[in-house]
Amino acid sequence: MLNILIKEFIAVCDYLIKKNTRIHKGYILIGKDSVSELLDKNHYDTALNKLKYWKELGWIDAEEKRLTKRIYDGESGQYIPYVKINVSRYECMKRLSETGLNG
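Presented here is a report on the structure given in the accompanying data block. Every chain is numbered independently, its residues counted from 1 as its sequence is written. The model is predicted, so local features are restricted to residues of pLDDT at least 70 and side-chain atom pairs to those at 80 or more, both for listing and for counting; the totals for chains, interfaces and linings are taken over all residues. Side-chain calculation: all heavy atoms of the structure are included, whereas hydrogens and water are not.

**Quick look at the nonpolar core**
Core analysis: the biggest nonpolar cluster contains 23 residues, and Phe9, Val35, Leu51, Trp54 and Ile85 have the highest contact counts within it. With seven residues, the single largest contributor to this core is helix α1 (residues 2-18). Put simply, a nonpolar core is a bunch of buried Ala, Val, Leu, Ile, Met, Phe, Trp, Tyr and Cys residues held in one set by side-chain atoms that sit within 4.5 Å of each other. Classification of residues uses two cut-offs on accessible area relative to the type maximum, computed with a 1.4 Å probe and protein chains only: under 20% is buried, over 50% is exposed, and between them is partly exposed. Numbering of helices and strands runs from the N terminus, with a helix taken as a DSSP run of H or I at least four residues long and a strand as a DSSP run of E at least two residues long.

**Some thoughts on the pattern of salt bridges**
Salt bridges are identified by distance alone: a Lys or Arg side-chain nitrogen within 4 Å of an Asp or Glu carboxyl oxygen. The tally for this structure, following the rule as stated, stands at seven salt bridges. For glutamate 8, the salt bridge goes to lysine 50, with nearest N and O atoms at 3.1 Å. You can see glutamate 8 sitting in helix α1 and its partner lysine 50 sitting in helix α3 (residues 47-56), a full 42 residues away along the chain. Each member of the pair, glutamate 8 as well as lysine 50, is classed as buried. Through salt bridges with shared partners, a single ionic network connects Asp14, Lys94 and Glu98.

**Quick notes on the packing of helix α2 (residues 32-39) against α3**
Helix axes are fitted to C-alpha atoms over the stretch in contact, other axes to C-alpha atoms as well, and angles between N-to-C directions run from 0 to 180 degrees. Packing of α2 against α3 brings their axes to within 9 Å, and their N-to-C directions diverge by 105 degrees. Here α2 is positioned roughly perpendicular relative to α3, judged by the angle of their axes. Residue-level inspection shows Lys32, Val35, Ser36 and Leu39 of α2 in contact with α3, the latter providing Ala47, Leu48, Lys50, Leu51 and Trp54. Classification used: nonpolar for Ala, Val, Leu, Ile, Met, Phe, Trp, Tyr, Cys and Pro, charged for Asp, Glu, Lys and Arg, polar for all others including Gly. Residues belonging to the contact of α2 with α3 are distributed by class as follows: six nonpolar, one polar and two charged. In these notes the angle categories are as follows: under 35 degrees is roughly parallel, over 145 is roughly antiparallel, 65 to 115 is roughly perpendicular, and the rest is oblique. Should any heavy atoms of two residues lie within 4.5 Å, those residues are counted as being in contact.

**Overview of α1**
An expected span of 1.5 Å times one less than the residue number is assigned to each helix. Taking 1.5 Å of rise per residue, 17 residues should cover 24 Å, and α1 covers 24 Å from first to last C-alpha, within 8% of that figure. Along α1, the residues that are buried comprise Leu5, Ile6, Glu8, Phe9, Ile10, Val12, Cys13 and Leu16. For α1, the elements touching its buried residues are β2 (27-30), α2, α3, β5 (78-86) and α4 (87-98). Two residues or fewer past α1, asparagine 20 is found with a positive phi of approximately 55 degrees.

**Let's talk about the side chain of serine 36**
Mapped onto the elements, serine 36 comes out in helix α2. On the basis of relative accessible area, serine 36 is assigned to the buried category, the value being 15%. Excluding residues within four positions of it along the chain, serine 36 makes contact with Ala47 and Leu51.

**Details of the pairing of strand β4 (residues 69-73)**
By this definition, two strands are paired if DSSP reports at least two bridges between them. Taken together, the five bridges between β4 and β5 define a ladder with antiparallel strand orientation. Residue pairing for β5: lysine 69 is matched across the bridge by tyrosine 82. In textbook terms, the turn of a hairpin is the stretch between consecutive antiparallel strands, and for β4 and β5 this stretch comprises four residues, one of which, glycine 77, has a positive phi near 75 degrees.

**A short note on the packing of aromatic side chains**
Two rings from Phe, Tyr or Trp (for Trp, the six-membered ring) form a pair when their centres sit within 6.5 Å of each other. Planes less than 30 degrees apart are called stacked, planes more than 60 degrees apart edge-to-face, and all others tilted. Scanning the model with the defined rule gives four aromatic pairs in all. Among the aromatic residues, ring-to-ring pairing joins Phe9, Trp54 and Trp59 into one connected group. Over a ring means this: the NZ of a Lys or the CZ of an Arg is within 6 Å of the ring centre and within 35 degrees of the ring normal. When the ring centre of tyrosine 44 is taken as origin, the NZ or CZ atom of lysine 50, which lies over that ring, is 4.3 Å away. Above the plane of the ring of tyrosine 27 lies lysine 84, whose end atom (NZ or CZ) is 4.2 Å from the centre.

Interpretation note: all reported values are geometric properties and have no functional meaning in isolation.
Dropping the structure here:
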């Protein structure tokens with residue numbers, strides 16, 4: 001299961017970076033609904049459970065008891081909840097997968 005989570009995490013991050021998704025202070029910022037839609041494409045588990053695993057593994061930064069972190073938006077003057085994906089964890093896993101060290 002971990003290997004599947006890693007492959008999907010890398011694929012989602014690759015897609016988001018290719019689509020020029022906003023990156024802020026080392027994190028890809030994406031709405032929970034948008035990332036859930038991507039995670040629901042592979043049906044081995046629910047998007048909600050996958051995000052819970054991502055949080056437990058430290059792949060995303062989130063508030064306690066949430067899967068999102070509120071980020072202040074200067075244009076609207078509001079805090080907006082985002083899934084904050086850790087870019088350095090993604091880069092590390094991608095390097096390991098490319099060298100065949102992920103098993």
